[in-house]
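Structural characterization, general
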Amino acid sequence: MQYMIGIDLGGTNIVCGLVNERYEMVDKVKRPTEAALGVDHVLDKMADMIDELFAKTGLDRSHLLAVGAGIPGFIDPERGVSIFASNLKWHDVDVAGRLSVKVGVPVFIDNDVRMYVYGEAMSGAGRGAGVVHGVTIGTGLAAATVVNGELYYGSGFMAGELGHVAIDGESTPCGCGLAGCLETVVSATGIVRQAKQALDAGRDSILRDSHERGELTAAHVSQAYDEGDALAVDILTYTGQVLGKGLAYSISLLSPDVIVIGGGGALAGDRLFQSVRETLQRSVYHGYLERLTIRQGELIDDGGVIGSAAFAKNRAEKLRHSTAGSAI
Ligand SMILES: [Zn+2]
C-alpha cells in the first residue's frame, strides 16, 4: 500500500492528513497556520505535521508517494507556485519546490476549491461520474470541474470563478472590483447581508434579536427558515434562484453528470437546493436535467485533504510515467 499526504491550508488552520490509495483518511492533525510568522514557519510546520502523522500511525515512511496541498488564492499548479494568497500574504511562493526539499518526496499544489472538488469527484458525492461540477459556498463562492478524473483549468488556470458573474438587479460592491457579483448573494456573507439589509429597512422577522446583538449568522437564517420565518424563507429562496441562474450557465456549457454543492453554505441543504432545482427547471433545456444529479458534498470537512492527496497521487503517477518514457 502506498500513502499520500493531503494538506488543506487555510488562513486560520492547517489540516494535514495521511491518506491511503483507496482515498481513505488514515489519520489527520490540525494546527494553527500562524501565517504572520512567515512562509518558512508555515512550510516547516507542514513538514513537522507529516513527521507527526508517520510517528503516530507507525506506518513506513518509504511508502509515501507524494504530498498534495490545497492553498487559497491564485495558484500555478504546473510550476507549484502560490502566485497570490491574500489571507496568507503570499506572493510568488515556490511552495512545491521548497516543501519537497523539506519532506523528500514530490509536492503538488493547487487552489483549495479545486482540491475540494477533486476530492468529491474521486471519492465523495461525484465518485464514478464522468463530468463533475463542484461549487463551494463559504465566505465567497467558487467552482471547479473534473472531467474523467482530470481537473479542467481553462486559460491561465482561471476556470471556475462563477462567483464573479454579475447578476441583474444586484449592486453590492464585490472584493473583485465589480458590483453585484453572484457571491455577494450566494455565500454565507451574502445571506447575512441580505438579512441585515431587510431588517434595517424595517422588515419583521425573528432574526431581529440576533441582528441587534451583532451575532447574526447564515446558520441563524437556516434556523429561522425551519421555524417558518417569512424573511428567512424569502432570503434562501432568492439565494437559491440566483445560484440556479449561475448554474444554468455551467450546465449548458459543461453538461455535467453531477453537481456537488459543498462548503459551509451547503449545510442549508434543501432549504437552498429546492429553489435551485425549481430555477433550473425554468432555465435550462430539460435534456440536461434528465442526466444531472445535484448532491450535497459528502466530504465537507475532509474534502480538501482527500482531494489534495488524490491530486498528488494523480500527478506523481503522471510524473513517473513521463520520466519512464523519457528514459527509453
Ligand atoms: Zn466579484
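If you're wondering where the values come from, they're calculated on a predicted model, not measured in any experiment.

1. A short note on the sheet that holds strand E11 (residues 150-152)
If you trace the 5 strands from one edge of the open sheet to the other, you get E11-E10-E9-E12-E13, paired in mixed fashion. Strands at the two margins of the open sheet, each flanked by one partner only, are E11 and strand E13 (293-296). On average, each strand axis in the sheet is inclined to that of its neighbour by 25°, with strand direction left out of account. Inspection of the sheet shows strand E9 (residues 131-137) paired to strand E12 (residues 258-262) by 5 bridges, in the parallel sense. If you follow Gly134 over to E12, its bridge partner there is Val260. The sheet strands contacting helix H7 (residues 230-254) are E9, strand E10 (141-147) and E12, and the helix crosses E9 at an angle near 160°. With respect to the sheet, helix H8 (residues 270-283) is in contact with E9, E12 and E13, its orientation differing from that of E13 by roughly 165°.

2. Some thoughts on the nonpolar core
Ranked by size, the top nonpolar core spans 38 residues in total, and within it Leu247 and Leu280 carry the most contacts. Of all the secondary structure elements, the ones that give two or more residues to this core are E9, E10, helix H4 (188-200), helix H6 (218-226), H7, E12 and H8. Tallying contributions element by element places H7 first for this core, with 9 residues. Once residues within four sequence positions are removed from consideration, Leu247 is found in contact with His133, Val135, Leu162, Ile259, Val276 and Leu280.

3. Considering the pairing of strand E1 (residues 3-9)
With respect to burial, E1 is a largely interior element, 6 of its 7 residues being buried. Sheet topology note: the E1/strand E2 (residues 13-20) ladder contains 7 bridges and is antiparallel. When the sheet's bridge partners are listed, Tyr3 is paired in E2 with Asn20. Where E1 folds back on E2, the antiparallel hairpin that results is connected by 3 residues. Taken together, the 6 bridges between E1 and strand E4 (residues 64-71) define a ladder with parallel strand orientation. Each bridged residue has a counterpart across the sheet, and for Asp8 the counterpart in E4 is Gly70.

4. As for the environment of Gly269
Among the structural elements, Gly269 can be located in the loop between E12 and H8. Among the residues examined, Gly269 registers a relative accessible area of 7% and is labelled buried. A sequence separation of 28 residues divides Gly269 from Gly297, and the C-alpha atoms of the two residues are 9.8 Å apart.

5. Thoughts on the pairing of E12
Put simply, side chains in a regular strand alternate between the two faces of the sheet. With respect to burial, E12 is a largely interior element, 5 of its 5 residues being buried. Side chains Val258, Val260 and Gly262 of E12 all project onto a buried face; the interleaved residues Ile259 and Ile261 project onto the opposite face, where all are buried too.

Rules used throughout
- Here the residue numbering is sequential within each chain, running from 1 through the sequence in written order.
- With pLDDT at 70 or above as the cut-off, local features in this predicted model cover only qualifying residues; side-chain atom pairs require 80 or more to be listed or tallied, and sums for whole chains, interfaces and linings still use all residues.
- To obtain the side-chain values, all non-hydrogen atoms of the structure were used and water was disregarded.
- The pairing criterion is simple: DSSP has to find at least two bridges between the two strands.
- For helices the rule is a DSSP run of H or I covering at least 4 residues; for strands it is a run of E covering at least 2, with both sets numbered from the N terminus onward.
- What counts as an axis is a line fitted to C-alpha atoms, over the stretch in contact for a helix, and the angles between N-to-C directions run from 0 to 180 degrees.
- Note on definitions: a residue-residue contact is assigned when non-hydrogen atoms from the two residues lie within 4.5 Å.
- Take the buried residues of types Ala, Val, Leu, Ile, Met, Phe, Trp, Tyr and Cys, join any two whose side-chain atoms come within 4.5 Å, and each joined set is a nonpolar core.
- Buried residues are those whose accessible area, probed at 1.4 Å on protein chains only, stays under 20% of the maximum for their type, while exposed residues exceed 50% and partly exposed ones sit between those limits.

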